[in-house]
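Single-letter residue listing:
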Number of protein chains: 4
Amino acid sequence: MGKGRVEAFTDGVVAIIITIMVLELKVPHGEDFSALAPVWPIFLSYVLSFINVGIYWNNLHNMFHTVQRVDGRVLWANLNLLFWLSLMPATTAFMGENHFAPVPVAVYGVDLALCAIGFNILTLALHRLHGNETLFARALGNDLKGKISLVLYLSAIALTFVNHWIGVAIYVLVAMVWLVPDRRFERLIEK
Amino acid sequence: MGKGRVEAFTDGVVAIIITIMVLELKVPHGEDFSALAPVWPIFLSYVLSFINVGIYWNNLHNMFHTVQRVDGRVLWANLNLLFWLSLMPATTAFMGENHFAPVPVAVYGVDLALCAIGFNILTLALHRLHGNETLFARALGNDLKGKISLVLYLSAIALTFVNHWIGVAIYVLVAMVWLVPDRRFERLIEK
Amino acid sequence: MGKGRVEAFTDGVVAIIITIMVLELKVPHGEDFSALAPVWPIFLSYVLSFINVGIYWNNLHNMFHTVQRVDGRVLWANLNLLFWLSLMPATTAFMGENHFAPVPVAVYGVDLALCAIGFNILTLALHRLHGNETLFARALGNDLKGKISLVLYLSAIALTFVNHWIGVAIYVLVAMVWLVPDRRFERLIEK
Amino acid sequence: MGKGRVEAFTDGVVAIIITIMVLELKVPHGEDFSALAPVWPIFLSYVLSFINVGIYWNNLHNMFHTVQRVDGRVLWANLNLLFWLSLMPATTAFMGENHFAPVPVAVYGVDLALCAIGFNILTLALHRLHGNETLFARALGNDLKGKISLVLYLSAIALTFVNHWIGVAIYVLVAMVWLVPDRRFERLIEK
């Protein structure tokens, strides 16, 4: 089965998710600067989620580039990842509207962790289909970065109940690490 | 007439439907765990609909793969299916927000049944254009699975008024059956 | 300039318009059949608009098929048409929520008329670029159907203030006429 | 890295932004002409933003046409531009709902200025990748038009606090200047 339409569908869903998040940025009531004050936490959580979804698009883009084909298992692993990504607009708004209170910050982290697990399941499904010796498998390696991210997300969820800014700081940290595009795939594509 | 743009348009509409459903997941008010309680039924109905729309995308993907061309009749049969699918966000929210009460569960089932009928009409329009001896016709067979699903949906609508959980259980059952990707088309493509 | 990306962008915008209209179908409050009563007029206006936008997609699809290239003028004529189409969700909801009252029905008709004029401007821009002897020009002919539709829309707007159901009936009539796919383009493509 | 998917993703996001802006056009309550009165400022700000986003699509379309390849830096420069564009629906509604009051007009201008800076950063990232002698670099030239636009936006933000209509007038003026498609790229493509 060709990968073209799966790539296009995935790009479409990610493009929609990244754009509709802004619909949760409710237009402030009032016409002076003070009207903008309650928007700040929502805006900041939007920035964080825009970067996170951007990272996923980037990594999906690079990963599918090294892939030759897909099967039903990959299709559903991909839909599973898209499902957790599609919750981003809701969990982002929940975190922002409650000014980064502990429970919403933890819920946001659970969503991030489930996205990370979903990405991992997708790589396993692709690995199963392509075998060890392929470009894809070599590019992925042991996916240490993905595993560390997941551990960091889980720590963040727990530490949020100590101090919610620790959770937020860890989310920002992981995003920073990933902002550097995943050179593993790029390097191999260039070869 | 080429099938490329119809495929792309269909994928686009389905990608939008599957993603905007999440906009009905209203952000909970309040910042502790109890704020999440009223979200559960809405979340569960969202999961069910995400899977159902995913199944349609999967089946449309596989079906259009075996198709050579489209005509005006196919275009409108396809738009008819997309119409009933586009009601999914509304019927899903109606069911979720009313905690799976009988009437909303039945309305959701009516939408599912009309999607199933719409898919059937689309296969008939494609069959008419391609004839009996084509890859498409052989892949489809007598579409027993589609017909049984429709009967199950209609039973679910009726049985919902006995006990609404019977209706929900049947919807989950049909989704489970379809979650296994339709091997009929995949098998023939591989040949 | 190639037509590919203009086609893709146009299809994307039309796919989004046709799908987000359903977001105006506010989920009914209440869990019995009476909760569905106020939804009917909104649902019917949604059906009408879904068909109208579907007709535009169909006609744009066929028209761009006979076209070789685009220029800046065509791009902006196309964006102008998309602008009036993008107002459909708002004018549809305005008409539906006010139960087909005269002013909303007239406003809906103004939008339909501006879409028809926009489509006409787009054909003129394409005609100017392609000249009289091309497939495109021969397929379009004198566009009598487009001109009659516009006259009917303008009559509908006026007659709505006599009786608003006359306006609605004319909109339905024009949609019926166009539901038959525009064979002018199809016939020439087949040759 | 191929530019195809970046182009498609960008077109997708821009198509969604330009279309969801209309969701901020809240459906008026009431069924006579007076119900339309409060919609006018929102409608006018929507028209202005539709044209602005249309200009960006047009320019991105032409610019990517002269480009051969992209790298991680370009991807993130592009996402940065899309981020500021994605705020358009919110800043547009903020300006329209407050009837072009000074603060919302200034906020809208800040968004426009950040889009202009984002576009400039994107051209720098592309320039860095392609070098001085390429089609892209020659088409772009010293980008005087982009720089003047930015100066005008910054002036508009300041002058809004003298009289808010000056700000709005400058935004309209800049849009008018850009409405003429960027012939720099078109001219070179034709050669």
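Each remark here, short or long, concerns the structure printed above.
Please read all numbers here as calculations on a predicted model, not as lab measurements.

Conventions used here
- Residues numbered from 1 in each chain as written.
- Chains lettered and ligands numbered in written order.
- Predicted model: local features only at pLDDT ≥ 70, side-chain atom pairs only at ≥ 80, totals over all residues.
- Heavy atoms only, no water.
- Helix = DSSP H or I, 4+ residues; strand = E, 2+ residues; numbered from the N terminus.
- Rg over C-alpha atoms; globule rule 2.2 N^0.38 Å.
- Contact = heavy atoms within 4.5 Å.
- Lys, Arg positive; Asp, Glu negative; His and termini not counted.
- Charge placed at Lys NZ, Arg CZ, Asp CG, Glu CD.
- Polar contact = N/O pair within 3.5 Å; in protein donor to acceptor, adjacent residues only side chain to side chain.
- Buried area = accessible area lost by both parts, 1.4 Å probe.
- Least-squares fit on C-alpha atoms with pLDDT ≥ 70 in both.
- Expected span 1.5 Å × (residues − 1).
- Buried < 20%, exposed > 50% of the residue type's maximum accessible area, 1.4 Å probe, protein only.
- Axes fitted to C-alpha atoms, helices over the stretch in contact; angles between N-to-C directions.
- Parallel < 35°, antiparallel > 145°, perpendicular 65-115°, else oblique.
- Left-handed = near helix turned anticlockwise from the far one by under 90°.
- Nonpolar A, V, L, I, M, F, W, Y, C, P; charged D, E, K, R; others polar.
- Core = buried A, V, L, I, M, F, W, Y, C linked by side-chain atoms within 4.5 Å.
- Patch = residues over 30% accessible without salt bridge, like charges linked within 9 Å, V, L, I, M, F, W, Y side chains within 5 Å.
- Areas by Shrake-Rupley, 256 points an atom, 1.4 Å probe, with all protein chains shown as cover.
- Salt bridge = Lys/Arg side-chain N within 4 Å of Asp/Glu carboxyl O.

I'm lost on the overall build of chain A in this one. Help?
Along the backbone of chain A there are 9 helices and 0 strands. In chain A, the order of α-helices and β-strands from amino to carboxyl end is α-α-α-α-α-α-α-α-α. Taking 16 Å as the expected radius of gyration for a compact globule of 191 residues, we find that chain A reaches 18 Å, a close match to that expectation. Restricting the contact set of chain A to residue pairs at least 6 apart, pairs at least 24 apart contribute 80%. Measuring between centres, the 13 positive side-chain charges of chain A sit 14 Å from its 13 negative side-chain charges.

Even after reading the chapter, I still don't get the side chain of His130(B), so can you show me in this structure?
Residue and element names in this part refer to chain B. Within the secondary structure, His 130 is located in helix H5 (residues 102-130). Of note is the side chain of His 130, whose polar atom sits 2.7 Å from the backbone oxygen of Leu 126. Those residues in contact with His 130, other than ones at most four positions away along the chain, are Val 67, Gln 68 and Arg 69.

Just to check I follow, could you spell out the interface of chain C and chain B for this structure?
The accessible area lost on association of the parts is a frequent measure of interface size. Every contact between the two is made by 33 residues of chain C and, on the other side, 30 residues of chain B. For the pair chain C and chain B, the summed buried area comes to about 2,900 Å², and 76% of that belongs to carbon and sulfur atoms. Taken together, the links from chain C to chain B amount to 3 residue pairs in polar contact (both at pLDDT 80 or more). When contributions to the side of chain C that touches chain B are tallied by element, the ones reaching two or more residues are helix H1 (4-20) and helix H2 (40-65) of chain C. Per-element accounting of the side of chain C that touches chain B gives the leading share, 13 residues, to H2(C).

What is the right way to look at the relation of the copies chain C and chain B in this model?
Two chain copies here: they are related by a rotation about an axis and a translation along the same axis. Overlaying chain C on chain B yields an RMSD of 0.0 Å, the required transformation being a rotation through 90 degrees with an accompanying axial translation of 0.0 Å. Here the two chains are linked by the operation of a four-fold rotation axis.

Sorry if this is basic, but what is going on with helix H3 (residues 72-86) of chain A here?
The periodicity of an α-helix, 3.6 residues per turn, causes residues three or four places apart in sequence to face the same way. With 15 residues, H3(A) extends 21 Å from end C-alpha to end C-alpha; this agrees with the ideal 21 Å at 1.5 Å per step. Counting buried positions along H3(A) gives 13 out of 15 residues, so the element sits mostly inside the fold.

Which parts of the structure should I look at to understand the environment of Gly131(D)?
Residue and element names in this part refer to chain D. By secondary structure assignment, the location of Gly 131 is in the loop between helix H5 (102-130) and helix H6 (135-140). Its relative accessible area of 26% is what places Gly 131 among the partly exposed residues. As a C-alpha pair, Gly 131 and Leu 44 span 87 residues in sequence and 41 Å in three-dimensional space.

I'm lost on the side chain of Thr92(D) in this one. Help?
All names here are of chain D. Its place among the elements puts Thr 92 in helix H4 (residues 88-97). On the basis of relative accessible area, Thr 92 is assigned to the buried category, the value being 4%. Separated by 2.5 Å, the side chain of Thr 92 and the backbone oxygen of Met 88 make a polar contact.

Got a minute to help me understand H2(C) in this structure?
Helix length check: H2(C), at 26 residues, gives a terminal C-alpha distance of 37 Å against a target of 38 Å (1.5 Å per residue), a fit within 8%. For H2(C), the tally of buried residues reaches 21 of 26 residues, placing the bulk of the element in the interior.

What exactly am I supposed to notice about the packing of helix H4 (residues 88-97) of chain A against helix H5 (residues 102-130) of chain A here?
To characterise two packed helices, one gives the angle between the axes of the helices and the distance between these axes. Residues and elements named next belong to chain A. Contact geometry for H4 and H5: axes closest at 8 Å, N-to-C directions at 155 degrees. It follows that H4 is roughly antiparallel to H5 by the angle criterion. The way H4 lies across H5 gives a crossing that is left-handed. Every residue of H5 that contacts H4 at Met 88, Thr 91, Thr 92, Phe 94 and Met 95 is listed here: Pro 104, Val 105, Val 107, Tyr 108, Asp 111, Leu 112 and Cys 115. Here the contact of H4 with H5 is built from residues that sort into 9 nonpolar, 2 polar and 1 charged.

Is there a simple way to think about the interface of chain D and chain A in this case?
At the interface, 30 residues of chain D touch 33 residues of chain A. Each partner contributes to the roughly 2,900 Å² buried at the junction of chain D and chain A, and carbon and sulfur atoms together form 76% of this total. For the interface between chain D and chain A, the tally reads 3 residue pairs in polar contact (both at pLDDT 80 or more). With 8 residues, the top contributor of residues to the side of chain D that touches chain A is helix H3 (residues 72-86) of chain D. Looking at the side of chain D that touches chain A residue by residue, the class counts come to 24 nonpolar, 3 polar and 3 charged.

I tried to follow the packing of helix H5 (residues 102-130) of chain C against helix H7 (residues 144-159) of chain C on my own but got confused; where do I start?
Residues and elements named next belong to chain C. In the contact formed by H5 and H7, the axes pass within 9 Å of each other and the chain directions differ by 165 degrees. Overall, the two elements H5 and H7 adopt an arrangement that is roughly antiparallel. Where H5 crosses over H7, the handedness of that crossing is left-handed. For the pair formed by H5 and H7, the contact residues are Ala 106, Gly 109, Val 110, Leu 112, Ala 113, Ala 116 and Ile 117 on the first element and Leu 150, Tyr 153, Leu 154 and Ile 157 on the second. For the contact of H5 with H7, the residue count by class is 10 nonpolar, 1 polar and no charged.

Explain the nonpolar core here, please?
Nonpolar side chains tend to gather and get buried jointly when the protein is soluble and globular. Within the largest apolar cluster, 256 residues are counted, with the highest numbers of intra-cluster contacts made by Tyr171(A), Tyr171(B), Tyr171(C), Phe9(D) and Tyr171(D). When residues no more than four places from it in sequence are discounted, the contact partners of Phe9(D) are Asp11(A), Val14(A), Ala15(A), Ile18(A), Trp57(A), Leu79(D) and Leu82(D). Listed in part, the 6 residues of the second largest apolar core include Ala93(C), Phe94(C), Val103(C) and Leu36(D).

Can you help me understand a nonpolar patch on the surface in this one?
A grouping of Leu159(A), Val162(A) and Ile166(A) is seen on the molecular surface, where their side chains present a nonpolar patch of about 240 Å² in accessible area. Tracing the chain through its elements places Ile166(A) in helix H8 (residues 164-179).

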